[in-house]
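Residues per chain, in single letters:
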Amino acid sequence: MALDVPYRSIPDMFLQRVAATPDKNAFAHPTPDDSGMTWLSWSQVAQRTKAIAAGLYSLGIGNEDRVTILSGTRIEWVLADLGVMCAGGATTTVYPTTEPEGATYIVGDSGSKVLIAENPDQAGKITGTESLTLTHVVLIDGVPDPAAAVPQLTLADLEARGAEVLAAEPGLVERIATSIEPEHLATLIYTSGTTGRPKGVELLHRGWCWEAVAQADLNIMNPDDLQYLWLPLSHSFGKTLLCGIIHVGLPTFVDGRVDRLVDMLSLVRPTLMCAAPRIFEKVYNKAVTTARDGAGAKAKIFGWAVDVGKRKVALEQAGDPVPGGLKLRYAIAEKLVFSKLQARLGGHIRVLVSGSAPLSKDIAEFFAAANLPICEGYGLTEASAANFVNRPGRIKIGTVGQALGDLECRIDADGEILLRGVPVMRGYHNLPAETAEVFTDDGFFRTGDIGMVDDDGYLTVTDRKKDLVKTSGGKYIAPSHIEGLFKATCPYTSQAVVIGQARNYCTMLITIDPDAIAGWAAGGSLADKPYADVVASAELHDLVEGYVDELNGKLNRWETIKKFTILTRDLTIEDGEMTPSLKIKRRVVEDNFAAEIDRMYAGQLAEI
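Residues numbered from 1 in each chain as written. Predicted model: local features only at pLDDT ≥ 70, side-chain atom pairs only at ≥ 80, totals over all residues. Heavy atoms only, no water.

Each helix and strand counted, the protein chain has 21 helices and 26 strands in total. Expected size for 608 residues packed as a compact globule is a radius of gyration near 25 Å; at 25 Å, the protein chain falls within 12% of this value. Along the first, second and third principal axes, the C-alpha atoms of the protein chain reach 75 × 55 × 55 Å. Across the 608 residues that make up the protein chain, the buried fraction comes to 55%. For the protein chain, contacts bridging at least 24 residues in sequence account for 65% of all contacts bridging at least 6. Carbon and sulfur atoms make up 53% of the accessible area of the protein chain, which totals about 24400 Å². When the 59 basic and 77 acidic side-chain charges of the protein chain are each reduced to a single mean position, those positions are 5 Å apart. (Helix = DSSP H or I, 4+ residues; strand = E, 2+ residues; numbered from the N terminus. Rg over C-alpha atoms; globule rule 2.2 N^0.38 Å. Buried < 20%, exposed > 50% of the residue type's maximum accessible area, 1.4 Å probe, protein only. Contact = heavy atoms within 4.5 Å. Areas by Shrake-Rupley, 256 points an atom, 1.4 Å probe, with all protein chains shown as cover. Lys, Arg positive; Asp, Glu negative; His and termini not counted. Charge placed at Lys NZ, Arg CZ, Asp CG, Glu CD.)

Here's what the structure looks like:
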């Protein structure tokens, strides 16, 4: 049955939300001293949004005209995005970590007329403006440069202009909203990609409205929840959440400062938070290493609690009843151990959602054991981000859940996941040949991921099709599976990258989490040593080697890791080794650490 979507566009959905609950809390942002939250009601959001929209309209923005937002996640991002669409325009997103060359390319390729930048430094990334279509630059923070090649004004200036326009035509935004069709472009998101130039993904109003309605049926977003939204709004995961927020009327705290996440969680105390797996990995690492580095009794109690929790989870996953004795032991485990982990996340979490990259099954089991079950999901920018997800109370750990709404899924002969439905993109911007390549003759989108669907409709994603490694012995290996196992096995890990393509055995590059390793180092001869000394030490090598041996005991013979290298630094977005959504760019990693990889394959080759 087709999903009933009662909206023509995001502006239509937004205006309906404002009319329905004008005085309810919509979005909050931190106070200047981080001591509290400042809330905006839906009517207050509408007032600022309409002023921004009218201001952009006065700058010449109309239907499908692109406006680039180059900023971190903050309340102004939300207001600017809504303002762009309420002016009839389409938002082009750029991560604030993007280098000048990449940012300039996106602004130019999208044909953006206006750039909304977080500050003068971000605006300064856009070079060669004489060849671009930019007419204005809007600064969220900072002072405009009167000598800038492209005229600059502040966001406050833009809102003031808009207020004047609205004084003359109060119904302007409502009039524009009626002209926006479901097939109009709403967003242009450039895939960060693992190789080559990013491609602009054209996402339409109909797809985002579909996402909003489909999410409401999951029991993940409820109007009486409180969401902590820190995800990059430049990414499709963050964007699709915004759509769900508007449809449901979900109060949401917006703050993209990841370094303040732990502190702000205790202040905000959300019931819902969505994150990339790296956040859950860091929480896991901290919990496990703190317990292991503590006194013997503390470590034993922690281990006992996790064992009790996992036994309870295993029964629940199998659909079997939990005996009374186990329930009693679990209640003790929760009071002694798990309540502390719950408190670290604010103490009120009802739902956690993981997306954008694979989550280790072992780490998912750990969180479920701690009564913090994670609803893992799956989706692609090309399909508006949210495509499959586990529902609260119906989680199958190790899967990414069931399809949203009426989305169609088919598994191709080679195992590739194919998707068809309303949220799938119109195409890649100005790339008709590349667009044609990713669609089947009957309109299914080729995701590039390998997976399987069980009898209950739950999807398991095994790896990226292009990331599968084929050894010189002809065996196929799924790197992300091995990497996920290792992250759960070794709680000191930050990143792990399996190498093995056309090689006769597998190796692994490993980076160490500075926070997790600090406690371990403090207890011996490495105390107070710099991070570089710790990761280069024989003691750490021996520690990690034990975990690699433990990993190998869980793998097929041809998958085992014969050699490993601990890198002297973590992988970074700035060095091009990770995308802003924290996916590993394998080719870049292999290029940047070619010398380390070559050393692992030098001399006598190991047998598979």
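Still more ground to cover, so stick around.
This brings us to the confidence of the model for the protein chain. The share of residues in the protein chain with pLDDT of 70 or more is 98%, and the mean pLDDT across the chain is 93. For the stretch residues 604–608, pLDDT sits under 50, and the model shows twelve contacts to residues farther than four places along the chain or on other chains. (pLDDT = per-residue confidence, 0-100.)

We now examine the side chain of Asp463. For Asp463, the location among the structural elements is in strand E21 (residues 459–464). No salt bridge forms around the buried Asp463; measuring N to O, its nearest opposite-charge neighbour Arg586 is 5.1 Å away. Within the structure, Asp463 has its side chain in polar contact with the side chain of Ser480 (distance 3.0 Å). (Salt bridge = Lys/Arg side-chain N within 4 Å of Asp/Glu carboxyl O. Polar contact = N/O pair within 3.5 Å; in protein donor to acceptor, adjacent residues only side chain to side chain.)

One pass over the full model with this rule turns up 35 salt bridges. Note that Glu169 and Arg175 form a salt bridge whose closest N and O atoms lie 2.8 Å from each other. Overall, Glu169 belongs to the partly exposed group, its relative accessible area being 30%. A salt bridge links Glu416 to Lys465; the shortest N-O distance between them is 3.2 Å. With a gap of 49 residues between them, Glu416 in strand E18 (residues 416–420) and Lys465 in the loop between E21 and strand E22 (469–470) connect regions that are remote in the sequence. The partly exposed category is assigned to Lys465, whose relative accessible area is 37%. Among the ionic contacts, a cluster of salt bridges with common partners joins Arg278, Glu281, Lys282, Lys487, Asp513 and Asp515.

Time to look at helix H16 (residues 479–489). In terms of burial, H16 is a largely internal element, ten of the eleven residues being buried. When we look at burial in H16, the residues that qualify are Pro479, Ser480, Ile482, Glu483, Gly484, Leu485, Phe486, Lys487, Ala488 and Thr489.

Here we take up the packing of helix H1 (residues 10–20) against helix H2 (residues 42–58). Contact geometry of H1 with H2 gives a least axis separation of 8 Å together with a crossing angle of 140°. Between H1 and H2, the angle falls in the class oblique. Remark: the crossing between H1 and H2 carries left-handed chirality. Contacts from Phe14, Leu15, Arg17 and Val18 of H1 reach H2 at Trp42, Ser43, Val45, Ala46, Thr49 and Lys50. Each residue belonging to the contact of H1 with H2 can be placed in one class, and the counts come to six nonpolar, two polar and two charged. (Axes fitted to C-alpha atoms, helices over the stretch in contact; angles between N-to-C directions. Parallel < 35°, antiparallel > 145°, perpendicular 65-115°, else oblique. Left-handed = near helix turned anticlockwise from the far one by under 90°. Nonpolar A, V, L, I, M, F, W, Y, C, P; charged D, E, K, R; others polar.)

Next up on the list: the sheet that holds E18. Pairing within the open sheet is antiparallel, and its four strands lie in the order E17-E18-E20-E21. Bordering the open sheet on either side are strand E17 (408–411) and E21, each of which pairs with just one other strand. The average angle at which neighbouring strand axes cross in this sheet is 50°, direction not considered. Both E17 and E18 contribute to a ladder of four bridges, which runs antiparallel. Across the sheet, the residue bridging to Cys409 is Leu419, located in E18. (Pairing = 2+ DSSP bridges.)

Looking now at the environment of Asp533. Within the element layout of this structure, Asp533 appears in helix H18 (residues 531–536). Overall, the relative accessible area of 40% leaves Asp533 in the partly exposed class. Spatially, the C-alpha atom of Asp533 lies 31 Å from that of Arg503, the residues being 30 residues apart in sequence.

Here the focus is helix H3 (residues 75–86). Along its twelve residues, H3 runs 17 Å from first to last C-alpha, staying within 8% of the 16 Å computed at 1.5 Å per residue. Within H3, twelve of the twelve residues are buried, which leaves the element mostly enclosed by the surrounding structure. Gly88, located one to two residues past H3, shows a positive phi value of around 95°. (Expected span 1.5 Å × (residues − 1).)

Further remarks concern the nonpolar core. Core analysis: the largest hydrophobic core is formed by 131 residues, its most contacted members being Phe14, Phe27 and Phe367. For this core, the element with the most residues is H3, which contributes nine residues. What Phe27 contacts, discounting residues up to four positions off in sequence, is Thr38, Trp39, Leu40, Trp42, Val45, Ile75, Val78, Leu242, Ile245, Thr252 and Val254. Core analysis: the second largest hydrophobic core is formed by 28 residues, Ile510, Val548, Leu555 and Ile566 among them. (Core = buried A, V, L, I, M, F, W, Y, C linked by side-chain atoms within 4.5 Å.)

This part takes up the environment of Ala343. Mapped onto the fold, Ala343 is located in helix H13 (residues 324–344). Using a relative accessible area of 44% as the deciding quantity, one classes Ala343 as partly exposed. With 74 residues separating them in the primary sequence, Ala343 and Arg269 have C-alpha atoms 8.9 Å apart.

Bringing a negative patch on the surface into the picture now. Together, Glu539, Asp542, Glu545 and Asp549 line one region of the surface with negative charge. Secondary-structure assignment places Glu539 in helix H19 (residues 538–552). (Patch = residues over 30% accessible without salt bridge, like charges linked within 9 Å, V, L, I, M, F, W, Y side chains within 5 Å.)

Another aspect to go through is the sheet that holds strand E25 (residues 506–512). Backbone hydrogen bonds are what pair the strands of a sheet, in a parallel or an antiparallel way. Read from one edge of the open sheet, three strands run E24-E25-E26, paired in mixed fashion. The sheet is open, and its two edges are formed by strand E24 (493–499) and strand E26 (561–566), each paired on a single side. For this sheet, the mean angle separating the axes of adjacent strands, direction not counted, is 25°. Of the strand pairs in this sheet, E25 and E26 are connected by five bridges, and their pairing is parallel.

Turning our attention to the packing of aromatic side chains. Evaluated as defined, the whole model comprises twelve aromatic pairs. Measuring from ring centre to ring centre gives 6.2 Å for Tyr492 and Tyr547, while their planes differ by 55°; the resulting arrangement is tilted. Of this pair, Tyr492 sits in the loop between H16 and E24 while Tyr547 sits in helix H19, and the two are 55 residues apart along the sequence. Side by side, Tyr492 and Tyr547 carry an identical accessibility label, which is buried. When the ring of Tyr505 is compared with that of Tyr601, the centres are 4.8 Å apart and the planes differ by 35°; the resulting orientation is tilted. Here the residue Tyr505 occupies a position in the loop between E24 and E25, and Tyr601 occupies one in the segment after helix H21 (594–600), the gap between them amounting to 96 residues. (Phe/Tyr/Trp six-rings, centres within 6.5 Å; stacked < 30°, edge-to-face > 60°.)

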